[in-house]
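Inside the fold
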Amino acid sequence: TLVADSGETTGLKWAAPAGGNLDIDQIATGSLTGSSVTVSSLSSYDKLIIAAYGISSTTGSWQFRIRINADTANNYYWLGLYQAPSQADKRSIDTANGDFRIYARTTIPANDTNNSSIIVLENCKATGYTTFRASSYFDDQNNVWKETKEGYYLSAAAVSSIEFSLTTGNFSAGSYYVYGG
């Protein structure tokens, strides 16, 4: 907003924006190895941003998944849109699942590292629900897919940990970065 200020040569100056800024800190970074990776001590953050790159499995036909607070109950709900250049648009709706699944439209071959996701979790400190958004690219060696998902997690407690795992096999490659604010 432009405001009057007699101390300025022009008699005008820009007002400082009102609060509402979100400070983001890098919380964790590492390699995706073994059967799962857990990031803990997250309960002081209301918003989490997760970046995962070069995700790969030792076996084919895998899907990347995320669990909150080690909860395997049917508390995860989402809908997704998928698109590949040579395919018609696809959609999926999943209700009452035991995790958030990324790349759920198709399965990825073993050792393919052309896969990445950006995931945002909001309302992480509250009980009741945590919202989930993901934007991903993945390669099934026939098509490069773009996936967008939104959903929510029915939470009984604040988000304190996130587990990354695969539906089959172990991680053979990949890096993750977790930011909180």
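The structure we're discussing is the one just above.
**So, the packing of aromatic side chains**
Throughout the structure, instances matching the rule amount to nine aromatic pairs. Judged by centre distance (6.3 Å) and plane angle (70 degrees), the ring pair of Phe-64 and Phe-171 falls under edge-to-face. Of this pair, Phe-64 sits in strand 6 (residues 64–68) while Phe-171 is found in strand 14 (residues 171–180), placing the two residues 107 residues apart along the sequence. Neither Phe-64 nor Phe-171 differs from the other in exposure class; each is buried. With 5.0 Å between their ring centres and 10 degrees between their planes, Tyr-77 and Tyr-152 make a pair best called stacked. Of this pair, Tyr-77 sits in strand 7 (residues 76–83) while Tyr-152 is found in strand 12 (residues 144–155), placing the two residues 75 residues apart along the sequence. An aromatic cluster is defined as three or more aromatic residues linked by ring pairs; in this entry it consists of Tyr-76, Trp-78, Phe-100, Phe-132 and Tyr-153.

**Observations concerning the environment of Cys-124**
Checked against the element boundaries, Cys-124 lands in the loop between strand 10 (116–122) and strand 11 (128–139). Judged by its relative accessible area of 0%, Cys-124 is buried. Sequence separation between Cys-124 and Ala-157 is 33 residues; the distance between their C-alpha atoms is 8.8 Å. In contact with Cys-124, other than residues within four places in its own chain, are Tyr-45, Asp-46, Lys-47, Leu-48, Thr-130, Ala-158 and Val-159.

**Here's the deal with the sheet that holds strand 13 (residues 162–166)**
Reading across from one edge, 4-13-6-9 is the order of the four strands in this open sheet, with antiparallel pairing throughout. The open sheet is flanked by strand 4 (36–39) and strand 9 (100–102), the only strands paired with a single partner. Each strand of the sheet is rotated relative to its neighbour by a mean of 20 degrees, with strand direction disregarded. In terms of strand pairing, strand 6 meets strand 9 through three bridges, oriented antiparallel.

**Let's talk about the pattern of salt bridges**
One pass over the full model with this rule turns up eight salt bridges. One salt bridge connects Asp-5 with Lys-13, and the closest N-O pair in it is separated by 3.2 Å. Look at Lys-13 and you get partly exposed, because its relative accessible area is 37%. Residue Glu-147 pairs with Lys-149 through a salt bridge whose shortest N-O separation is 3.8 Å. Note on Glu-147: relative accessible area 0%, which makes it buried. Here the salt bridges do not stand alone but share partners, grouping Arg-65, Arg-67, Asp-99, Arg-101 and Glu-163 into one network.

**Side note on a nonpolar patch on the surface**
A cluster of nonpolar side chains, Leu-2, Leu-12 and Trp-14, forms an exposed patch at the surface whose accessible area comes to about 350 Å². Tracing the backbone shows Leu-2 in strand 1 (residues 2–4). Judged by relative accessible area, which is 43%, Leu-2 ranks as partly exposed.

**Observations concerning the nonpolar core**
Phe-64, Ile-162 and Phe-164 are the most contacted members of the largest nonpolar core, which totals 34 residues. Considering every element that reaches this core, the biggest residue donor is strand 5 (residues 47–57), with four residues. When near neighbours in sequence (up to four residues on either side) are disregarded, Ile-162 contacts Val-37, Thr-38, Val-39, Leu-42, Leu-48, Ile-50, Ile-66, Arg-67 and Leu-121.

**Side note on the pairing of strand 6**
With five of its five residues buried, strand 6 lies for the most part within the structure. The alternating pattern of strand 6 places Phe-64, Ile-66 and Ile-68 and Arg-65 and Arg-67 on opposite faces, both of which are buried. Bridge count between strand 6 and strand 13: five bridges; the pairing is antiparallel. Bridge pairing in strand 13 places Arg-65 opposite Ser-165.

**A word on the side chain of Lys-149**
With respect to the secondary-structure elements, Lys-149 resides in strand 12. At 2.2 Å, the side chain of Lys-149 and the backbone oxygen of Arg-101 are in polar contact.

What counts and what doesn't
- Residues numbered from 1 in each chain as written.
- Predicted model: local features only at pLDDT ≥ 70, side-chain atom pairs only at ≥ 80, totals over all residues.
- Heavy atoms only, no water.
- Phe/Tyr/Trp six-rings, centres within 6.5 Å; stacked < 30°, edge-to-face > 60°.
- Helix = DSSP H or I, 4+ residues; strand = E, 2+ residues; numbered from the N terminus.
- Buried < 20%, exposed > 50% of the residue type's maximum accessible area, 1.4 Å probe, protein only.
- Contact = heavy atoms within 4.5 Å.
- Pairing = 2+ DSSP bridges.
- Axes fitted to C-alpha atoms, helices over the stretch in contact; angles between N-to-C directions.
- Salt bridge = Lys/Arg side-chain N within 4 Å of Asp/Glu carboxyl O.
- Patch = residues over 30% accessible without salt bridge, like charges linked within 9 Å, V, L, I, M, F, W, Y side chains within 5 Å.
- Areas by Shrake-Rupley, 256 points an atom, 1.4 Å probe, with all protein chains shown as cover.
- Core = buried A, V, L, I, M, F, W, Y, C linked by side-chain atoms within 4.5 Å.
- Polar contact = N/O pair within 3.5 Å; in protein donor to acceptor, adjacent residues only side chain to side chain.

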